[in-house]
Amino acid sequence: MTTILVLVPAVKDPLLAWISLGDEPGVAPESIERVRALLNTDDRFHGVEHLGADVPREVVGVRDALRRYLVDDDRAVLDALAAAHPLVVAFGAPPRLVPVDPADTVAGLVAEVFEAQRDGMWQRLKACANPDCQWVYYDASRNRSGRWCSMGECGDVMKARAYRERGRRA
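The structure presented is a predicted model; accordingly, all values stated were derived computationally and were not measured.

Cut-offs applied
Residues numbered from 1 in each chain as written. Predicted model: local features only at pLDDT ≥ 70, side-chain atom pairs only at ≥ 80, totals over all residues. Heavy atoms only, no water. Core = buried A, V, L, I, M, F, W, Y, C linked by side-chain atoms within 4.5 Å. Buried < 20%, exposed > 50% of the residue type's maximum accessible area, 1.4 Å probe, protein only. Helix = DSSP H or I, 4+ residues; strand = E, 2+ residues; numbered from the N terminus. Contact = heavy atoms within 4.5 Å. Pairing = 2+ DSSP bridges. Axes fitted to C-alpha atoms, helices over the stretch in contact; angles between N-to-C directions. Parallel < 35°, antiparallel > 145°, perpendicular 65-115°, else oblique. Left-handed = near helix turned anticlockwise from the far one by under 90°. Nonpolar A, V, L, I, M, F, W, Y, C, P; charged D, E, K, R; others polar.

**Some thoughts on the nonpolar core**
Nonpolar side chains in soluble globular proteins generally cluster together in the buried interior.
So, point 1. Among the nonpolar cores identified, the biggest contains 28 residues, and Ile-32, Val-35, Leu-38, Val-62, Leu-66, Trp-122 and Leu-125 are the most heavily contacted of them.
So, point 2. Contributing elements (two or more residues each) for this core: helix H1 (30-39), helix H2 (57-72), helix H3 (76-84), helix H4 (105-119) and strand E6 (136-138).
So, point 3. Excluding residues that lie within four positions of it along the chain, Ile-32 makes contacts with Glu-112, Ala-116, Met-121, Trp-122 and Leu-125.
So, point 4. Cys-128, Cys-133, Trp-148 and Cys-149 belong to the second-largest nonpolar core, a separate cluster that totals 8 residues.

Written out as structure tokens, the structure reads:
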């Protein structure tokens, strides 16, 4: 019996040219970190758009659709993206959705969101409750009660605002 070894070239992740994985606060598990990092390319706290002019419009579109889905539960745009970027079932252990075209970045992101919903991780992705921030973070708290991306920054700011507001009303 002869064993044939086939070398398959590694597919480079095109998103890595535009996103930064592992930026604190609120780093997500590996399976959903790409989505969280993409959502945070729209840095609302600092007013910086990290996706430059060289980024394909569809990447910006999927980022904005995912943010609307996360923050406002707006499914319509995400449904349209899923229809335009088909996925198929790959039976394995476990079965999963994969893009029909392996180079389709948008379909890959839609598949990651589907898997995260199935595994319960999507519900742990949240936008910071500080309206000036809106950083997307992974809520790792046991009861999923996190409200701010960072208790030491946004949490302190929001609690101080609430304290001052209560003082004004008294």
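Picking up where we left off.
**Focus: the pairing of strand E3 (residues 87-90)**
So, point 1. Where E3 meets strand E4 (residues 96-99), 4 bridges bridge the pair, whose relative direction is antiparallel. Looking at the pairing, Val-89 lines up with Leu-97 of E4.
So, point 2. Connecting the antiparallel pair E3 and E4 is a turn made up of 5 residues.

**Focus on the packing of H2 against H3**
So, point 1. Closest axis-to-axis distance for the H2/H3 pair is 8 Å, and the angle between their directions is 140°. It follows that H2 is oblique to H3 by the angle criterion. For H2 against H3, the interelement crossing comes out left-handed. Note on element contacts: H3 touches H2 through Val-77, Leu-78 and Leu-81, opposite Gly-61, Val-62, Ala-65, Leu-66, Arg-68 and Tyr-69.
So, point 2. Here the residues of the contact of H2 with H3 are counted per class, giving 7 nonpolar, 1 polar and 1 charged.

Worth remembering: the numbers are spatial, not functional.
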